[in-house]
Amino acid sequence: MTDKNKYDGSSIEVLKGLEPVRLRPGMYTDTQNPNHLGMEVIDNSVDEAVAGFATVIGVVAHTDASLEVSDNGRGMPVGMHPVEKVPAIELILSRLHAGGKFNDKLYKFSGGLHGVGVSVVNALSEKLTATVKRDGVVWEISYARGKKTQELTQIGTCPKKDTGTTVRFWPEQDYFDSPVFDLKALKHQLKAKAVLCKGLTVNFLDEATGQSESWSYSGDLKAYLASQTQDRITVPAPPFAGVIEQEDFRLEWAVCWESESGQSQLSESFVNLIPTVEGGTHVNGFRSGLTLAVREFCELQNLLPRGLKITPEDVWRGCTYVLAVMMRDPQFAGQTKEKLSSRQVASLIEGLIRDRFSLYLNSDVNSGKAIAAQIIAAARERESAAKSVTRKKIVRGPQLPGKLVDCTSTDPQRGELFIVEGDSAGGSARQARDASFQAILPLRGKILNTWEVSGAHALDSEEIRAISVAMGLEPDSGSLEGLRYSKICILADADSDGLHIGTLLCALFVKHFTALVREGHVFVACPPLYRIDCGAKIKEYAIDDDELALRQKELVRKGYKRENIRIQRFKGLGEMNPEQLRETTLSPDTRKLMQLTLTSESSDETLGLMDMLLSKKRAADRRDWLEKNGDKAEILD
């Protein structure tokens, strides 16, 4: 019999090769259907086109449920790898984190940055065959479920000018909710690739129906957006569009507003030609830049009714746009690359769009007023709807805590609760907040470590009881019924004490308000470390050293002398006046919030790490972990 309590060296399992992908496919791809696998292969060909080596990409959906992708690029390298002593194509197809895109020597802009894309396709395919034309020779290699079934073999010859790669794969049906490719979505993405990559021709064939399509565009997003909205009433017409190219960054956009309600708006964003369907920092910066420019224009033209405020949601309503960013080393929220998380991009795009949209609005006042009128109408409708919603009240139970400074909004979906470290920072936050929808709950010092206590015991703490009552939720109830705010935001200093308080609050929410975290209601505010002043008008902020360096670089590029750039480092929230706290941490237009997430895939790992760090009985494990990882800590002064 197996001893279930046995835990020694033999209990540790090491996954090799592509086994991690087959064991946890949801961590590497979208298992709803095989489309993401197809896009991983297609993106490899697109990267060749972006780099200037491919002009044609062909995609064939075969009747046997396989997908074939070919290009006329350089062809995957087939030579022996100098270190691994196997053909380079084998590393690409069967080794995680192997590829030629970890630096910019081969590809200046690329989406394949993790080195796991096509190897994931291989791992989750019943069969995969790759054919390469290179140096006058045609090579072929085959796999089945990630295991090699045919060595790299020369199968023929070809003219030396003929180069390229063809990959055909059969997705393994057991890994997907639907084993069938969503061809409508796939064709939409292929068309977008052609739109975004000037000079690229994309051909598609559906073998089952015999229908074929081909796309090739000039790369003009304004013309593309205009063609997508030609049957609708939009302002402005033609769309506001532009291109900005820098040494290591390219931004292209086209945007307009649709006048007819009920129409589904076109909202497409891309990073290195990869569609980011969940948006990310580039979209946040784009929206913020548009909002700031519209506000300035409305104030200059005296268009706003008294007491009416324009929010980003008002600007976003009816907004139809295409946004394309090319950048080095983009950071995505996951392997499926549906959301960009590179923090420095938001502020960069915000400044670029704000300047150019402001110039556009003031140079064409009639179009500017037409855009502003639609946005003001959206703001009025939002405020009218908010007044008709009755805020959920706590009918029975304890009275709201006395130190809670509540908001006046009647819409629970709009409300935000900021849990602030210290009465001093709480006072500043109270002055800095938007009282219509932001509530402030100051804490006195560090709260109880609730990781090993019950919810009932946790309520013995006055501070935790105040948090529970303010939110309208009982610990360990598992229900969100009665939740009084859509966002619960932790706001603490960026020093060690603040990080400790933030950790204890995160532990409280993960342990005793798990549903709140899983549903995405908990956030951690990111107050900046630096304030940057240059001249009389330049006043900016930076969250960390990386963003500080980027801001300085941008100012120098605009002609400001480095010695005239003054930098202030904040020691804590108490050093910020209410105005600074509002524009850096509280205002939805300019703040940065990190969402606390807990997914089914990451749950075990997250809970295990937190248990090791917070449990009193695991002091020995914690000491070992600190000894191994202590050299990675940063010193916070």
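Attention here is on the structure that accompanies the text. Every residue gets a number counted from 1 within its own chain, in the order that chain's sequence is written. Whole-chain, interface and lining totals are the exception, using all residues; otherwise, since this is a predicted model, local features are given only for residues with pLDDT of at least 70 and side-chain atom pairs are given and counted only at 80 or more. The side-chain numbers reported here are obtained from all heavy atoms of the structure, hydrogens and water having been left aside.

A few points about the packing of helix α11 (residues 423-432) against helix α17 (residues 578-586)
Here α11 crosses α17 at 80°, and the two axes come no closer than 8 Å. Considering the angle they form, α11 stands roughly perpendicular to α17. Across the interface between the two elements, A425, S428, A429, Q431 and A432 from α11 touch P578, L581, R582 and L586 from α17. Note on residue categories: nonpolar means Ala, Val, Leu, Ile, Met, Phe, Trp, Tyr, Cys or Pro, charged means Asp, Glu, Lys or Arg, and polar means any other residue, Gly included. Its residues assigned to classes, the contact of α11 with α17 comprises 6 nonpolar, 2 polar and 1 charged. Angles here are taken between N-to-C directions and fall from 0 to 180 degrees, while the axes themselves are lines fitted to C-alpha atoms, restricted in helices to the stretch in contact. Only DSSP runs of H or I reaching four residues or more are called helices, and only runs of E reaching two or more are called strands; each is numbered from the N terminus. If an angle is under 35 degrees, it is roughly parallel; if it is over 145, roughly antiparallel; if it lies from 65 to 115, roughly perpendicular; otherwise it is oblique. The contact criterion used throughout is that any non-hydrogen atoms of two residues lie within 4.5 Å.

Notes on the sheet that holds strand β12 (residues 274-275)
With respect to topology, 5 strands assemble into an open sheet ordered β9-β10-β13-β11-β12, the strand pairing being mixed. Pairing within the sheet leaves two strands with one partner each, and these edge strands are β9 (234-246) and β12. The pairing criterion for strands is at least two bridges between them, as found by DSSP. Pairing of strand β10 (residues 249-258) with strand β13 (residues 319-327) involves 9 bridges; the strand directions are antiparallel. Residue pairing across strands places F249 opposite M327, the latter belonging to β13.

Section: helix α9 (residues 343-363)
For a helix, the expected span equals 1.5 Å multiplied by the number of residues minus one. For α9, built from 21 residues, the straight-helix expectation of 30 Å at 1.5 Å per residue is met to within 8% by its first-to-last C-alpha distance of 31 Å. Under the scheme applied here, a residue whose accessible area is under 20% of the maximum for its type counts as buried, over 50% as exposed, and between as partly exposed, the area being computed with a 1.4 Å probe on protein chains only. Those residues of α9 that fall on the buried side of the exposure criterion are V345, A346, S347, L348, I349, E350, L352, I353, F357, S358, Y360 and L361.

What to know about the nonpolar core
Within the largest apolar cluster, 53 residues are counted, with the highest numbers of intra-cluster contacts made by I42, V59, L67, I89, L93, F169 and L190. Residues contacting I42, with those up to four places away along its chain left out, are V59, V69, L186 and L190. Judged by nonpolar contacts, the second largest core, of 39 residues, contains L290, V315, Y321 and F332. Each nonpolar core is a collection of buried residues, namely Ala, Val, Leu, Ile, Met, Phe, Trp, Tyr and Cys, held together in the definition by side-chain atoms within 4.5 Å.

Considering the packing of aromatic side chains
Each aromatic ring pair is specified by the distance between its two centres and by the angle formed by the two planes. Two aromatic rings, drawn from Phe, Tyr or Trp (for Trp, its six-membered ring), form a pair once their centres lie within 6.5 Å of each other, and the interplanar angle then sorts them: stacked below 30 degrees, edge-to-face above 60, tilted otherwise. The full count for this structure, using the stated rule, is 11 aromatic pairs. Centre to centre, the rings of Y541 and F570 are 6.4 Å apart; their planes meet at 20°, and the pair counts as stacked. Placement of the pair is Y541 in strand β19 (residues 538-542) and F570 in the loop between β20 (566-569) and α17, with a sequence separation of 29 residues. Among the residues examined, Y541 registers a relative accessible area of 13% and is labelled buried.

Describing the environment of R232
As for its position among the elements, R232 is in the loop between α6 (221-228) and β9. Expressed as a C-alpha distance, the spacing of R232 and E258, which sit 26 residues apart in the sequence, is 7.0 Å.

Considerations on the pairing of strand β5 (residues 147-157)
Relative to β5, strand β4 (residues 137-144) runs antiparallel, the two sharing 7 bridges. If you follow W139 over to β5, its bridge partner there is Q154. The antiparallel hairpin formed by β4 and β5 contains 2 residues in its connecting segment, where R145 sits at a positive phi of about 55°.

Digging into the packing of helix α7 (residues 281-301) against α9
Contact geometry of α7 with α9 gives a least axis separation of 7 Å together with a crossing angle of 35°. Remark: the crossing between α7 and α9 carries right-handed chirality. Class assignment for the residues of the contact of α7 with α9 results in 13 nonpolar, 8 polar and 4 charged. Crossing handedness is read from the near helix: turned anticlockwise from the far helix by less than a right angle, it gives a left-handed crossing, and turned clockwise, a right-handed one.

Describing the side chain of R433
Mapped onto the elements of the fold, R433 is located in the loop between α11 and β15 (438-443). Positive charges come from Lys and Arg alone, negative charges from Asp and Glu alone, with His and the N- and C-terminal ends not counted. Should a side-chain nitrogen of Lys or Arg be within 4 Å of a carboxyl oxygen of Asp or Glu, the pair is scored as a salt bridge. Notably, R433 is buried but unbridged: the nearest opposite-charge side chain belongs to D406, and the N-O separation is 6.5 Å. A 3.5 Å cut-off defines polar contacts: any pair of N or O atoms within that distance qualifies, except that in protein one atom must be a possible hydrogen donor and the other a possible acceptor, and neighbouring residues in sequence count only when both atoms are side-chain atoms. Reaching out from R433, the side chain makes a polar contact with the backbone oxygen of Q438 at a distance of 2.7 Å. Setting aside anything within four residues of it in sequence, one finds R433 in contact with V405, D406, C407, Q438, A439, I440 and L586.

Points about the pattern of salt bridges
This model, assessed by the stated rule, comprises 21 salt bridges. Notably, a salt bridge pairs D64 with R168, separated by 3.0 Å at the nearest N-O pair. Of the two residues, D64 sits in the loop between β1 (56-61) and β2 (67-71) while R168 sits in strand β6 (residues 164-171), which places them 104 residues apart along the sequence. Among the residues examined, D64 registers a relative accessible area of 36% and is labelled partly exposed. Between E381 and R317 there is a salt bridge, and its shortest N-O distance comes to 3.0 Å. Here E381 is found in helix α10 (residues 365-387), whereas its partner R317 is found in the loop between α8 (312-316) and β13, with 64 residues between them in sequence. You can call E381 partly exposed: its relative accessible area is 45%.

Here's the deal with the pairing of β6
Most of β6 is tucked away: 6 of the 8 residues are buried. The pairing of β2 with β6 spans 5 bridges and is classified as antiparallel. Looking at β6, one finds that V69 is bridged to V167. Across 8 bridges, strand β3 (residues 125-134) lies against β6 in antiparallel orientation. Opposite L128, over in β6, you have F169 as the bridge partner.

Some remarks on the sheet that holds β19
Spatially, β19-β18-β20 is the arrangement adopted by the 3 strands of the open sheet, whose pairing is antiparallel. With partners counted over all chains shown, the strands left at the sheet margins are β19 and β20, one partner each. Adjacent strand axes in the sheet meet at a mean angle of 20° when their direction is disregarded. In this structure, strand β18 (residues 530-534) lies alongside β20, joined through 4 bridges in antiparallel fashion. Bridge assignment links R531 to a residue of β20, and that residue is Q568. Against the sheet, α17 touches β18 and β19, its axis set at about 60° to β19.

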